[in-house]
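A closer look at the structure
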Amino acid sequence: MAAMGGRRRGRGRAAEEGADGAAVLRRLRAARDDLLSSGFWAASAGAVRAPLGRSAEPPARCVCYGLGRFGACPAARYQLAFLLLLLEELRVPPGHCSLFDPAFSPREADVLRQLGMRLLPENEEGKHDVEGSATVFYMVHCGKALYNNLLWRNWSAEALSKMVIIGNSFRGMEERLLSRVLERDYSYIAKVLKGTEEAALPAHPRYLDTFNDTSVHWFPLQKLQEISPEVWDFLEEPMYQDCEDLEIIRREDGAERRCPDATKA
């Protein structure tokens, strides 16, 4: 699409860019329909609803990190379509959903605004405070440091009990990483495991690379209160000095720290 746009000028180029945005929306609607017709959404809805039956407070907002280039990448597009179905299911208005990915192009940012969603203006590195509001965090295939930072920022039983995280399986991380590495580099993930409930999204042959290793995580207050008090007293901010593969874009990484046109959202 970029190459085609490069061969045109003036009104032709502007019209084609507009058509590209419209094409992204059409493909997004097709992906949504596909998730519904394939049965994947219906099969996933049980995992999505699992935390709601145990929480008196339904989610009021959603934060999405690391969605990727959904204009060009089919997997990212299906993940966005899933997010839109999720918002409908949870009755969270699109305007209460905030997103950040430094990879978003200006055109993709515009598509998100057309969908009524908001863009976070800066790279929070996952350090988003729930501020007392029940919040769903949609973080499919994000780096482990992003989850760890999110937990650190909300490190209290009260705050964590208001969170639902849809993303890479915490139990999968525990199984794949050496315990000393998990405890050293991602200590908040390691410490919260005892207070975590997890429901995996179902496997589907059509979406193996799109939603593999994805689970819904929630943190029942009763389970969190069973964690020893000294665990809650440790509040050191993660620094990752010994981490060889951080899998996160840091705030100081220059041009990638802001989302395109976020201030217009």
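Everything quoted here is computed from the prediction, not taken from an experiment.

Rules behind the numbers
Residues numbered from 1 in each chain as written. Predicted model: local features only at pLDDT ≥ 70, side-chain atom pairs only at ≥ 80, totals over all residues. Heavy atoms only, no water. 1 Å grid on protein atoms, 1.4 Å probe; cavity = no way out; pocket = protein on both sides within 12 Å on 5 of 7 lines; lining within 4 Å. Points joined across faces, edges and corners; volume = space filled by probe spheres on them. Helix = DSSP H or I, 4+ residues; strand = E, 2+ residues; numbered from the N terminus. Nonpolar A, V, L, I, M, F, W, Y, C, P; charged D, E, K, R; others polar. Buried < 20%, exposed > 50% of the residue type's maximum accessible area, 1.4 Å probe, protein only. Pairing = 2+ DSSP bridges. Right-handed = clockwise from strand over helix to strand, strands pointing away. Core = buried A, V, L, I, M, F, W, Y, C linked by side-chain atoms within 4.5 Å. Contact = heavy atoms within 4.5 Å. Salt bridge = Lys/Arg side-chain N within 4 Å of Asp/Glu carboxyl O. Phe/Tyr/Trp six-rings, centres within 6.5 Å; stacked < 30°, edge-to-face > 60°. Axes fitted to C-alpha atoms, helices over the stretch in contact; angles between N-to-C directions. Arc of directions from axis to C-beta.

Evaluation of the coordinates by the stated rule reveals one cavity of 30 Å³ or more. Taken as a whole, the largest cavity spans an internal volume of roughly 50 Å³. Considering the residues around the largest cavity, the lining is formed by Val48, Pro51, Leu52, Pro59, Leu86, Leu90, Val136, Val164, Ile166 and Val216. If you list the elements that add at least two residues to the lining of the largest cavity, you get α4 (74-90) and β5 (163-168). Here the lining of the largest cavity is built from residues that sort into ten nonpolar, no polar and no charged.

In regular strands, side chains alternate between the two faces of the sheet. The buried count for strand β1 (residues 61-65) comes to five of five residues, which makes it a mostly enclosed element. Of the two faces of β1, both are covered, the one formed by Arg61, Val63 and Tyr65 as well as the one formed by Cys62 and Cys64. When β1 meets strand β4 (residues 135-139), the two strands line up parallel, connected through four bridges. Across the sheet, residue Cys62 finds its bridge partner in β4, namely Val136. The sheet contact formed by β1 and strand β2 (residues 97-100) spans four bridges and is parallel. Bridging across to β2, Val63 finds its partner in Ser98. With α4 bridging β1 and the parallel β2, this β-α-β connection has right-handed handedness.

Further remarks concern the nonpolar core. Core analysis: the largest hydrophobic core is formed by 45 residues, its most contacted members being Leu83, Leu99 and Tyr138. It is α4 that contributes the most residues to this core, eleven residues altogether. Excluding anything up to four places from it in sequence, Leu83 contacts Cys62, Cys64, Cys97, Leu99, Met117 and Tyr138. Of all hydrophobic cores here, the second largest spans 36 residues; its members include Val63, Met139, Leu151 and Tyr240.

Within the structure shown, the criterion is met by twelve salt bridges. Between Glu88 and Arg32 there is a salt bridge, with the nearest N and O atoms lying 3.0 Å from each other. Of this pair, Glu88 sits in helix α4 while Arg32 sits in helix α2 (residues 10-37); the two residues are 56 residues apart in sequence, bridging distant segments of the chain. Residue Glu88 is classed as partly exposed on the basis of its relative accessible area, which comes to 48%. Arg32 gets classed as partly exposed once you look at its relative accessible area, which sits at 25%. When salt bridges that share partners are traced, they join Glu125, Lys127 and Glu237 into one network.

How two aromatic rings sit relative to each other is given by the distance of their centres and the angle of their planes. By the definition in use, this model includes 13 aromatic pairs. Taken together, a centroid distance of 4.8 Å and an interplanar angle of 40° make the contact between Trp155 and Trp232 tilted. Here the residue Trp155 occupies a position in the loop between α6 (144-153) and α7 (157-160), and Trp232 occupies one in helix α13 (residues 229-233), the gap between them amounting to 77 residues. A relative accessible area of 16% means that Trp232 is categorised as buried. Taken together, the ring pairs connect Phe40, Trp41, Tyr78, Phe82, Tyr138, Tyr207 and Phe211 into an aromatic cluster.

Read across the sheet, seven strands follow the order β3-β2-β1-β4-β5-β7-β6 without closing on themselves; strand pairing throughout is mixed. Here the strands that pair on one side only, and so sit at the sheet edges, are β3 (118-119) and β6 (197-200). As paired elements, β4 and β5 share five bridges and run parallel to each other. Of the residues in β5, the one forming a bridge with Val136 is Val164. Against the sheet, α4 engages β1, β2, β4 and β5, with an angle of about 165° to β4.

This brings us to helix α5 (residues 106-114). Restricting attention to buried positions, one finds in α5 the residues Glu108, Ala109, Val111 and Leu112. The buried residues of α5 occupy one face: seen down the axis, they fall within an arc of 155°. Positive backbone phi, at 90°, marks Gly116, one or two positions downstream of α5.

Geometry only, nothing functional implied.
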